2 protein chains.
Amino acid sequence: MPVEPLSRPRIVAAAIDLIEREGADAISMRRIAADLGVGVMSLYNHVPNKAALLDAVAETVLSGIEFTDDPDADWTERVRMQARAFRQIAHHYPRCTMVVVSRQLQSPAGLLPVERALATLRSVGFDGEEAVRILRMFIAYIVGSLLREVGVTPTFAPVHHSQVDIEKVDPVLFPETRSLAAELGACDHEAEFEFGTELLIQAIAGRLARRKR
Amino acid sequence: MPVEPLSRPRIVAAAIDLIEREGADAISMRRIAADLGVGVMSLYNHVPNKAALLDAVAETVLSGIEFTDDPDADWTERVRMQARAFRQIAHHYPRCTMVVVSRQLQSPAGLLPVERALATLRSVGFDGEEAVRILRMFIAYIVGSLLREVGVTPTFAPVHHSQVDIEKVDPVLFPETRSLAAELGACDHEAEFEFGTELLIQAIAGRLARRKR
DNA sequence: AGCGTGGCACGTACGGTGTACGTCCGTCAA
DNA sequence: TTGACGGACGTACACCGTACGTGCCACGCT
């Protein structure tokens, strides 16, 4: 029985699989090894330590994003597509999202999207400094959005409790919060994400217009 | 010698202190107890478990934000102030920031800022649904910004290496990234944050104008 | 005064974790 | 044939969260 030889990619894949199945807290070298039907210490022949493994997980997830960039499309559409591509992470690997955003990886895995985004921004007339600033703002927004999206599901979503029992909040201290309970309780992540993306694009467009004037 | 009696606030304070001194990874019930000069299990008389302790840390840090809201000021200025208030977290408790954003707490600690922000937004003419959307977008941006700001300091900042050795990136595959190396390498977090905040405010203002028309 | 009683500090113990180190074995080069 | 070497694995250690039991002390009641 020629079992697949142990390898770094196989270990990383098992780790991702485990995180998606049982959550990021459940991950341990022993569990991964068990899932692979292998001794714990064998992992260390391919991965220096657990932190590096998690970095590899983040890198793998990140590099799995499908960026389809159409250079002929309107720049607003291109920005939209790139933003949506990032959000795919939260869809394909919801439980891994926290891992991805919480470790800053210093590998070229994240460079391709950066390059694409900078190219897009510069092609519409922003200078380098401004392109970088805008990119950073976009990334911040996207990261924050992903965190909201996956944070709402801690491990298993309970039935459906909004963050606070709305009955408990004092209507005189928090009138707005109370009257907007319905809106605050529900959250269509996709609509929310699109709304913010459009707002950002409009802001950028406005800045661009002012700049060209 | 009447030692201060053990109490939940004292435990939480010790936890925050430990995190700030040694990083979020270093925290353990045993270390906290040792810092307080107390047996480990004594902690459990005041805190049900470690997760609850971390929630309490998040809540305490969050409720420590100084929100000064001037109802007479321009709404743009009020939004600015509230955004900056959040960013104080990253200044006062840099190592705790990850803890704060990574646990979704279901306590009224985060309600005050929400209430203020909603009130501000509604006072300038947004309806409830839109106010909530805008607030969510702002929070996403702020959270993402804070993560960038503190993520740059993993544990101890090395000398000063930008995320990638710029020499290593291929200039033909990543021309923009390469040519903007200087801009990408340096990051004035305050300026960056202000830039994004202003852009967001402008976007909101634009939306408001369109809405009133 | 005597006597519960309940809260709190604490020790011990158990199952789990990351990983340093040593051992064994299969493969391949000389 | 032999030597070296890389990879799989077992053992061991320090540390983790926390369930459980024990003892102390301050209090309210009779």
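Residues numbered from 1 in each chain as written. Chains lettered and ligands numbered in written order. Predicted model: local features only at pLDDT ≥ 70, side-chain atom pairs only at ≥ 80, totals over all residues. Heavy atoms only, no water.

Residue and element names in this part refer to chain A. As enumerated under the stated definition, the model contains four cavities of 30 Å³ or more in all. Estimated volume of the largest cavity: approximately 180 Å³. What lines the largest cavity is a set of 15 residues, among which Val79, Gln82, Ala117, Leu135 and Phe138 lie closest to the centre. Looking at the lining of the largest cavity, the elements with two or more residues in it are helix 4 (75-92), helix 6 (111-123) and helix 7 (128-151). Class assignment of the residues belonging to the lining of the largest cavity gives a composition of 13 nonpolar, two polar and no charged. (1 Å grid on protein atoms, 1.4 Å probe; cavity = no way out; pocket = protein on both sides within 12 Å on 5 of 7 lines; lining within 4 Å. Points joined across faces, edges and corners; volume = space filled by probe spheres on them. Helix = DSSP H or I, 4+ residues; strand = E, 2+ residues; numbered from the N terminus. Nonpolar A, V, L, I, M, F, W, Y, C, P; charged D, E, K, R; others polar.)

Okay, the protein's contact with DNA strand D next. Among the 16 residues in the neighbourhood of DNA strand D, the closest are listed as Met41, Ser42 and His46 of chain A together with Met29 and Arg30 of chain B. Note that a base nitrogen of DNA strand D is positioned 2.4 Å from one of the side-chain N or O atoms of Arg30 of chain B. Residues of the surface near DNA strand D, tallied by class, amount to seven nonpolar, six polar and three charged. (Near = heavy atom within 4 Å. Polar contact = N/O pair within 3.5 Å; in protein donor to acceptor, adjacent residues only side chain to side chain.)

Another point: the relation of the copies chain B and chain A. It takes a turn of 180° to lay chain B on chain A, together with a shift of 0.0 Å along the axis; the resulting RMSD is 0.1 Å. Classification of the inter-copy transformation places it as that of a two-fold axis. Both copies share a contact surface, since 100% of the interface residues of chain B are interface residues in chain A too. (Least-squares fit on C-alpha atoms with pLDDT ≥ 70 in both. Contact = heavy atoms within 4.5 Å.)

Here we come to the packing of helix 4 (residues 75-92) of chain B against helix 6 (residues 111-123) of chain B. Residue and element names in this part refer to chain B. Where helix 4 meets helix 6, the closest approach of the two axes is 10 Å, and the angle between their N-to-C directions is 160°. Here helix 4 lies roughly antiparallel to helix 6, going by the angle between them. Read as a crossing pair, helix 4 and helix 6 show a hand that is left-handed. Counted together, Trp75, Arg78, Val79, Gln82 and Phe86 of helix 4 and Pro113, Arg116, Ala117, Thr120 and Ser123 of helix 6 form the full contact between these two elements. Across the contact of helix 4 with helix 6, the residue classes break down as five nonpolar, three polar and two charged. (Axes fitted to C-alpha atoms, helices over the stretch in contact; angles between N-to-C directions. Parallel < 35°, antiparallel > 145°, perpendicular 65-115°, else oblique. Left-handed = near helix turned anticlockwise from the far one by under 90°.)

Attention now goes to the protein's contact with DNA strand C. The immediate surroundings of DNA strand C are formed by 16 residues, with Arg30 and Tyr44 of chain A together with Met41, Ser42 and His46 of chain B found nearest. Taking all atoms of DNA strand C within 4 Å of the protein, the share assigned to sugar and phosphate is 42%. Between a phosphate oxygen of DNA strand C and a main-chain N or O atom of Gly39 of chain B, the distance comes to 3.1 Å. Classifying every residue of the surface near DNA strand C by side-chain character gives seven nonpolar, six polar and three charged.

Let us now look at the interface of chain B and chain A. At the junction of the two partners, chain B supplies 56 residues and chain A supplies 56 residues. Summed over the three residues of chain B that lose the most area to chain A, namely Glu115, Arg136 and Phe195 of chain B, the buried surface amounts to 15% of that side. For the interface between chain B and chain A, the tally reads five salt bridges. We note a salt bridge from Glu192 of chain B to Arg133 of chain A, for which the minimum N-O separation is 4.0 Å. If you look at where chain B meets chain A, you find 14 residue pairs in polar contact (both at pLDDT 80 or more). (Buried area = accessible area lost by both parts, 1.4 Å probe. Salt bridge = Lys/Arg side-chain N within 4 Å of Asp/Glu carboxyl O.)

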